[in-house]
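Notes for the structure review
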Amino acid sequence: MQNKGLIRLFAILFGLVSIYQLSYTFITSKLEKDAETYAVSQISEAEEDYVAKREALEASYLDSISDNTVLGFTSYEDAKTKELNKGLDLKGGINVTLQISVKDILKGLANNTKNPVFNKALADADEASTNSDDTYLELFFEAFDKIKGDTKLASPDIFANKGLSDEVNFQMTDDEVKPIIRRKIDESIVSAFEVLRERIDGFGVTQPNIQREGNSGRILVELPGARDIARAQELLSSTAQLEFWETYPQSNQSIGNFLVNANERLKEILEPETSEDEASKPESEIDSLLSDVSQDSLDMTQEANPILGKLLPANPGSHAIARAMVSDTAELGAYLRMPEIKRLLPNDIQFTRFLWERPAKDSEVADLYALKSNREGTPRISGDVVSDAQDTFDQFNKPAVSMTMNTRGAKEWEELTGDAYNNQTGIAIVLDNKVYTAPGVSSGPISGGRSEITGTFTVNETKDIANVLRAGKLPASADIIQSEVVGPSLGQEAIDSGFMSFIIAMVFVLVWMIFYYGRAGVFADIALVFNILLIFGVLTSLGAVLTLPGIAGIVLTIGMSVDANVLIFERIKEELARGKGKAQAIADGFGNALSSILDANITTGLTAIILFIFGSGPIKGFATTLMIGIVTSLFTAIFVTRLMIEAYTSKKGRRLDFSTGITRNLFTNLHINFLSKRKIAYIVSGILLAVSTFSLLTNGLNQGVDFIGGRSYQIRFEKAVSPSEIASELNTVFGSGTNVKTFGDANQIKVTTPYKVDEEGVEVDTEIQNMLYTTLQKYLPDGTSFDDFTVGASEKSIGILQSVKVGPTIADDIKKNAFLAIIGSLAVVFLYILLRFRKWQFSLGAVVAVFHDVMIVLGIFSLTGDIMPFNMEIDQAFIAAILTVIGYSLNDTVVVFDRIREITGLKGFQGGENINLALNSTLSRTLNTSLTTLIVLLAIFIFGGESLRGFMFAMIVGVIVGTYSSVFIATPVMFDSLKKKIAAATEA
């Protein structure tokens with residue numbers, strides 16, 4: 001081998017750099033462990049809210065040592081930015097995909113126009129977006145063009161308004177306006193991206209990830225390690241619409257008259273409905289629950305007076321008009337927003353806006369405010385006048401938010417406070433349609449533009465409010481259309497299970513190589529360990545994220561990287577058997593195996609690249625480690641192993657056998673006539689394909705939420721539970737379609753429900769979790785609160801450990817990308833094999849074999865999906881498994897084809913005799929690689945955690961079927977399609 005010195009130097013440097021990169025991870029892990037130990041020693045579990053206190057103390061400890069020098073070359077703060085990034089499934093946290101509402105941006109650009117054509121086009125675009133891959137903006141343009149008539153986008157009441165007057169004028173055509181609107185939409189999405197990034201920077205998690213997804217208006221946000229999930233969700237989806245309004249006083253007679261009239265009108269509206277309900281339902285669920293409880297006069301009053309019966313007098317001195325139980329606020333708010341009720345407002349208050357206060361945590365009542373509004377519904381002052389905001393403490397030392405306004409805001413603030421002082425009213429400070437505080441003004445107009453938001457806040461809440469106000473408001477609503485929340489305890493379990501599968505797979509492969517190849521196997525093992533070091537080093541240096549599927553990718557790389565060494569060692573054994581000298585046999589073995597190694601790894605690499613392009617989240621992690629593993633495996637097998645073997649054999653008297661006494665004669669002198677058995681193989685495969693197809697057409701596949709949308713929850717209990725019993729109860733609550741399955745142990749279930757899948761918002765997520773908690777409370781230990789049940793900060797092992805939400809729109813996109821990934825990988829590999837082997841018959845054989853393998857894997861999942869004791873849902877992980885099966889099957893097939901091409905190139909086809917010779921000569925390699933890969937997959941399947949079992953099962957089936965198809969399907973199909981040419985060549 002030439003340039004040995006250069007390769008040796010490069011390998012040493014590569015290894016040292018990897019060790020250096022990984023050192024940061026070891027440093028941060030040790031310091032964080034020290035911080036955790038310190039926090040535990042200072043705060044006992046007996047203290048209230050001990051988890052949050054410990055986290056705060058850990059953060060304080062780490063902050064105090066962040067600049068201290070460690071080992072003379074780094075600090076904790078520096079090391080933290082360079083450590084190996086752990087993904088959501090290993091660290092816990094939240095991953096969301098936000099959809100910025102292009103509809104809201106369009107309405108804003110059109111100044112909230114009432115133009116019927118514009119609004120009809122928006123409605124049509126809404127409907128079309130549920131079944132189209134086009135962007136919302138293009139759907140809007142398409143809908144507008146269909147119905148516009150004489151209306152133009154540049155109409156004065158659409159886009160040729162005051163706000164866009166510098167860019168859009170009345171004379172412009174629609175084609176001239178469209179590029180401007182596209183640019184404005186893109187600028188708004190970029191603005192949203194920057195606002196979210198500013199908010200995330202102030203949230204306090206390390207290694208956050210935020211990125212745009214093309215031009216779709218989607219923004220992916222990942223916050224590994226985030227513990228306060230509700231806080232994170234609120235921060236990401238809040239539009240931060242800050243407004244200042246003047247309130248009406250409690251004494252306003254018109255407000256009182258309106259509430260009385262509204263109450264009477266509502267009784268008339270609700271009375272027919274009540275009578276009809278009573279006729280059809282002799283006893284409602286509520287009646288049944290209250291059958292043993294005597295109703296007092298208050299209950300009767302509430303029933304007779306739907307508004308006045310639920311409103312309570314406001315506290316004297318406050319600027320609220322009334323109070324109500326928090327549980328009644330949604331219903332009362334809906335009543336007050338009804339058009340029939342709003343029409344009852346007297347002329348002097350006809351534009352009044354009613355808003356509830358943001359109640360304190362655990363508060364049972366909330367204040368109702370009446371705000372002075374106008375025909376357009378615009379506030380006196382909006383949040384865009386705020387130039388700075390800081391979390392602080394008020395005069396009573398309670399958390400508050402201090403704001404500074406710009407020059408315009410200061411002037412408007414002085415006018416508003418003057419009016420409030422003169423009218424003896426309050427100023428409601430409203431954030432996202434909730435009144436945070438409504439102070440009065442006791443000393444005249446306030447100049448200077450300084451104001452303060454007070455209320456029942458925690459320190460974290462004031463930090464978030466100030467952070468949001470500084471970053472600015474989102475230009476449109478941001479709906480969470482996909483989310484994954486993983487509790488910290490589940491993340492630690494994933495690390496433990498991933499590490500266990502890693503160690504077991506590694507030990508088996510190391511022992512097997514020594515057992516099969518003797519001392520040569522030792523050199524392969526050293527190269528393999530070095531390969532693992534390089535993979536982790538490259539992952540760290542690239543800033544890539546390690547996920548649980550990523551660990552699976554590394555463990556799989558262990559099995560597959562052995563393949564290159566197996567190919568080399570088998571070729572060296574062949575060269576030695578031909579009587580060549582030791583040095584020449586080694587050189588020729590490495591040289592002759594190179595073609596097969598490259599072809600096999602390139603085809604696997606192509607599928608990994610396609611998986612990376614079309615996959616998302618953890619699946620990208622799997623593809624990343626697979627791609628890195630392929631490159632490092634090639635380097636260590638081809639160069640590092642050869643360096644060690646040549647260094648060992650260069651000294652006289654040293655003997656190196658590439659086998660042991662047990663394995664020396666295994667698979668030698670085989671003369672199996674594989675081609676003669678192809679008809680039997682066709683019949684067996686035909687039956688398997690027919691059964692698979694029939695099952696797919698009748699049973700179908702159990703599609704996960706990735707493909708159909710919905711929410712899924714992994715829930716653990718203290719004791720074993722009955723999934724069928726829970727399914728029955730949850731279907732009563734959520735309606736039909738809710739699926740409950742045992743997930744791993746008998747005390748753990750996975751709940752999947754399509755309930756309110758079309759509705760977005762944190763409130764909906766909380767509502768569903770509340771319904772789950774209420775229904776499942778009897779299965780939980782006594783004293784388990786709602787906060788204990790949901791995914792939270794504690795290292796708990798009871799309750800919701802993981803939740804996933806996928807909206808129907810993004811589910812369609814995931815399904816489409818999965819289909820494109822499979823078709824794309826088949827097309828790319830067909831073309832590669834065609835270019836490499838110069839005969840379409842080879843490509844045909846490979847693609848038929850891959851199609852055969854995929855159909856059988858799908859068929860087995862369809863047939864056994866309901867009976868297997870582990871999750872068999874078809875999701876993104878399953879697609880990753882299918883693509884890996886494609887890669888593995890092709891890897892195997894290409895190695896066989898390479899040997900066929902080599903032997904037939906030298907000796908001709910001989911009517912297929914030399915094809916059999918080629919198959920026999922690769923049998924040792926085929927079985928060796930398949931066995932090691934299978935054992936590795938079984939290790940992950942058994943020890944790698946429940947979430948990976950379905951994924952691994954698909955790959956285990958794929959490896960078995962792929963090994964069979966490379967010999968009994970790919971080669972016979974190639975042979976039969978070439979038969980005429982072979983016969984003609986033989987006759988000639």
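Values in this document were obtained by computation on a predicted structure and should not be read as measured data.

Some thoughts on the sheet that holds strand E9 (residues 322–325)
If you walk across this open sheet you meet the 4 strands as E8-E9-E11-E10, and the pairing is antiparallel. Single-partner strands in this sheet number two, and they are strand E8 (311–312) and strand E10 (353–356). The pairing of E10 with strand E11 (residues 365–371) spans 4 bridges and is classified as antiparallel. Bridge assignment links tryptophan 356 to a residue of E11, and that residue is leucine 368.

Let's talk about helix H22 (residues 678–698)
Over its 21 residues, H22 extends 30 Å from the first C-alpha to the last, a length consistent with the 30 Å expected when each residue adds 1.5 Å. Regarding H22, the residues found buried are Arg678, Ala681, Ser685, Ser692 and Ser695. Down the axis of H22, the buried side of the element spans an arc of 125 degrees, and every buried residue falls inside it. Exposed positions of H22 whose direction lies more than 90 degrees from the buried face are Lys679, Ile680, Ile683, Ile687, Phe694 and Leu697.

A word on empty space enclosed by the protein
Under the criterion given, the structure shown has 5 cavities of 30 Å³ or more. Each pocket or cavity is described by its volume, and for the second largest cavity that value is around 90 Å³. Listed by contribution, the elements that provide at least two residues to the lining of the second largest cavity are strand E18 (478–486), strand E20 (710–716), helix H25 (762–776) and strand E23 (799–806). At 3 residues, E23 tops the list of elements feeding residues into the lining of the second largest cavity.

Overview of the packing of helix H20 (residues 582–614) against helix H29 (residues 876–907)
A pair of packed helices can be characterised by two numbers: the angle between their axes and the separation between those axes. Remark: H20 packs on H29, axes separated minimally by 8 Å, with the N-to-C direction vectors making an angle of 160 degrees. For the element pair H20 / H29, the angle class is roughly antiparallel. Of the two possible hands of crossing, H20 and H29 adopt the one that is right-handed. For the pair H20 and H29, the contacting residues are Ser595, Ser596, Asp599, Ala600, Thr603, Thr604, Thr607 and Leu611 in the first and Ala880, Leu883, Ile886, Gly887, Leu890, Asn891, Val894, Val895, Asp898 and Arg901 in the second.

A short note on the environment of phenylalanine 144
Looking at where phenylalanine 144 falls in the secondary structure, it is placed in helix H7 (residues 136–147). Not counting the four nearest positions on each side in its chain, phenylalanine 144 is found in contact with Val117, Ala121, Thr151, Lys152, Leu153, Ile158 and Asp174.

Considerations on the confidence of the model for the chain
Across the chain, the average pLDDT comes to 80, with 88% of residues at 70 or higher. Segment residues 273–300 is flagged for pLDDT under 50; beyond a separation of four residues in sequence, or across chains, it makes 6 contacts in the model.

Some points on the packing of aromatic side chains
Under the counting rule described, the total for this entry stands at 28 aromatic pairs. Plain terms: the ring middles of phenylalanine 861 and phenylalanine 953 are 5.7 Å apart, the flat faces sit at 45 degrees to each other, and that makes the pair tilted. With phenylalanine 861 in helix H28 (residues 840–864) and phenylalanine 953 in helix H31 (residues 949–987), this pair connects stretches of sequence that are 92 residues apart. The two residues phenylalanine 861 and phenylalanine 953 agree in class, both being buried. Grouped by ring-pair contacts, the aromatic residues Phe508, Trp512, Phe515, Tyr516, Tyr517, Phe569 and Phe658 constitute a single cluster.

Regarding the sheet that holds strand E15 (residues 427–431)
Read from one edge of the open sheet, 4 strands run E12-E7-E15-E16, paired in antiparallel fashion. Sheet topology places strand E12 (381–382) and strand E16 (434–437) at the edges, where each strand pairs with a single neighbour. In this structure, E15 lies alongside E16, joined through 3 bridges in antiparallel fashion. Residue pairing across strands places isoleucine 429 opposite threonine 437, the latter belonging to E16. Strand contacts of helix H15 (residues 407–423): strand E7 (242–246), E12 and E15, with the helix running at about 35 degrees to E7, the strand carrying the most contacts.

About the criteria used
Residues numbered from 1 in each chain as written. Predicted model: local features only at pLDDT ≥ 70, side-chain atom pairs only at ≥ 80, totals over all residues. Heavy atoms only, no water. Pairing = 2+ DSSP bridges. Helix = DSSP H or I, 4+ residues; strand = E, 2+ residues; numbered from the N terminus. Expected span 1.5 Å × (residues − 1). Buried < 20%, exposed > 50% of the residue type's maximum accessible area, 1.4 Å probe, protein only. Arc of directions from axis to C-beta. 1 Å grid on protein atoms, 1.4 Å probe; cavity = no way out; pocket = protein on both sides within 12 Å on 5 of 7 lines; lining within 4 Å. Points joined across faces, edges and corners; volume = space filled by probe spheres on them. Axes fitted to C-alpha atoms, helices over the stretch in contact; angles between N-to-C directions. Parallel < 35°, antiparallel > 145°, perpendicular 65-115°, else oblique. Left-handed = near helix turned anticlockwise from the far one by under 90°. Contact = heavy atoms within 4.5 Å. pLDDT = per-residue confidence, 0-100. Phe/Tyr/Trp six-rings, centres within 6.5 Å; stacked < 30°, edge-to-face > 60°.

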